[in-house]
Amino acid sequence: MKGGLVVSALCPLLGFILLVGLLSHSRANAGSITNGVDPALSKASASVQVDGRSNVFGAGHATPPAPGGGGAGLLPVVIDLPSNAAAVKFLAVSGEVSCCGGADPNGPDGGTVRGYSTNLFSVGGISGIQFQGRYQFLTGVFLDAGEPGGAAPNSLDFGPSGLTDSFTELSPELRQTFFIGDGHTPSADVQTFHVPAGATRLFLGLADGLGFIGETGYYDDNTGFFAVDFEIVPGLPPNHDPDCNAAAADLPELWPPNHRFVPVTILGVTDPDGDPVDDLGDGGQAGRADQRWR
Ligand SMILES: [Ca+2]
Ligand SMILES: [Ca+2]
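Residues numbered from 1 in each chain as written. Chains lettered and ligands numbered in written order. Predicted model: local features only at pLDDT ≥ 70, side-chain atom pairs only at ≥ 80, totals over all residues.

**Examining the overall build of the protein chain**
Within the protein chain one finds one helix and 17 strands. In the protein chain, the proportion of contacts linking residues at least 24 apart, taken out of those at least 6 apart, comes to 70%. (Helix = DSSP H or I, 4+ residues; strand = E, 2+ residues; numbered from the N terminus. Contact = placed C-beta atoms within 7 Å.)

**Quick notes on the sheet that holds strand S12 (residues 201-206)**
As summarised here, the arrangement of the four strands in space is S3-S12-S7-S10, forming an open sheet in which the pairing is antiparallel. One side of each edge strand has no neighbouring strand; the edge strands of this open sheet are strand S3 (77-80) and strand S10 (178-179). Where strand S7 (residues 138-143) and S12 come together, six bridges link them in antiparallel fashion. Bridging across to S12, Thr 139 finds its partner in Gly 205. (Pairing = 2+ DSSP bridges.)

**Some thoughts on unusual backbone geometry**
The phi angle of most residues is negative, glycine excepted, and most peptide bonds adopt the trans form. The peptide bond linking Trp 255 to Pro 256 adopts the cis configuration, its omega dihedral lying at 0°. By the element assignment, Pro 256 lies in the loop between strand S15 (248-249) and strand S16 (266-267). Unlike most non-glycine residues, Asp 104 shows phi in positive territory, near 45°. A positive phi angle, near 65°, is found at Arg 175, a position not held by glycine. Within the fold, Arg 175 resides in the loop between strand S9 (169-170) and S10. By C-beta crowding, Arg 175 is classed as buried, having 25 other C-beta atoms within 10 Å. (Buried ≥ 20, exposed ≤ 12 C-beta atoms within 10 Å, placed from the backbone.)

**Looking at the nonpolar core**
By size, the foremost hydrophobic cluster in this structure holds 41 residues, and its most contacted members are Leu 138 and Val 141. The biggest single contributor to this core is strand S4 (residues 85-98), with five residues. (Core = buried A, V, L, I, M, F, W, Y, C linked by C-beta atoms within 7 Å.)

**Here we look at the environment of Gly 150**
Looking at the secondary structure, you find Gly 150 in the loop between S7 and strand S8 (156-157). Separated by 24 residues in sequence, Gly 150 and Ile 126 have C-alpha atoms that sit 8.6 Å apart.

**Details of the pairing of S12**
The element S12 is largely enclosed, with a buried count of five among its six residues. As paired strands, S3 and S12 are joined by four bridges and run antiparallel to one another. Following the sheet pairing, Ile 79 is matched in S12 by Leu 202.

**Quick word on the sheet that holds strand S11 (residues 192-194)**
If you trace the five strands from one edge of the open sheet to the other, you get S2-S14-S4-S11-S9, paired in mixed fashion. The open sheet has two edge strands, strand S2 (44-51) and S9, and neither has a second partner.

**Focus: the pairing of S4**
Of the strand pairs in this sheet, S4 and strand S14 (residues 223-234) are connected by twelve bridges, and their pairing is antiparallel. Across the sheet, Val 97 pairs through a bridge with Gly 224, a residue of S14.

**Looking at the environment of Gly 70**
With respect to the helices and strands, the residue Gly 70 is situated in the loop between S2 and S3. Note: C-alpha distance between Gly 70 and Gly 209 (139 residues apart in sequence) is 7.9 Å. Each residue touching Gly 70, except ones within four places of it in the same chain, is listed here: Leu 210, Gly 217, Tyr 218 and Asp 220.

**Let's talk about the confidence of the model for the protein chain**
Predicted confidence across the protein chain gives a mean pLDDT of 84, with 80% of residues reaching 70 or more. Ranking the elements of the protein chain by mean pLDDT puts helix H1 (residues 30-33) last, at 28, and S10 first, at 99. Within the model, pLDDT remains below 50 along residues 1-40, and this stretch shows 65 contacts once partners closer than five positions in the same chain are excluded. (pLDDT = per-residue confidence, 0-100.)

**Concerning the environment of Glu 215**
Tracing the backbone through its elements, the reader meets Glu 215 in the loop between strand S13 (213-214) and S14. Taking the C-alpha atoms as reference points, Glu 215 and Asn 119, 96 residues apart in sequence, are found 9.0 Å from one another. In this structure Glu 215 touches Pro 67, Gly 68, Phe 121 and Gly 209, once residues within four positions along its chain are discounted.

Dropping the structure here:
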């Protein structure tokens, strides 16, 4: 009877016990309070095309970098994130690119046939990325509203001794490049990419360099593109506990004992989010606390 109000003392001879809903536990009622996600927060989906020359390390900069030579390519594709963005899912990624003048094209999960491994350095405040045995895959990076600079986050390693491409969820940091590939695990489960705090933009491109090792560059010999269908998953709005400070029964007492059920309503409960303050959907009304009696 945690947090409840027992009124049985008012009618002990009859054994009527009136139980008032667990007002102080209304967070446990979240099933009925927060299941109704605000329709304004519905998922947003869209499609973009990522050119094979899109340089992910150009994210947030005016021009893409190419300290390794071979051409800086193009600025990456930018997706502006709504303020309530919680995660991004890539529902379908198709197309092919070539690292090398049209030879040996590969899909979004990256190439294998040329035997390269990716181990590119960080540049301009954006982390490098590693993937032993894989190259030229779809790559992303989240940024806040500013131009990246300073020390970059650690490079993520998606190789066999690292994260691999089998993760179901990934939580990259701001300015930390990450493998997207086709957005699905090898067993075809869609992967969830959590949006880091403060992120306002997601950039899509590729991570290239001479032999995919060292300084980035060598974008200008790339061909093809990836077509990317993505979905932005909104977060739930913040939920606050109802305010029970003014809660009171609408009957001061149950008397005299007469073997009859007596409905009692608790008034004065409010919710700062405007959520209904009933329970279980069993007859309570908005603006009232739930009541049960037996
Ligand atoms: Ca290239
Ligand atoms: Ca994949």
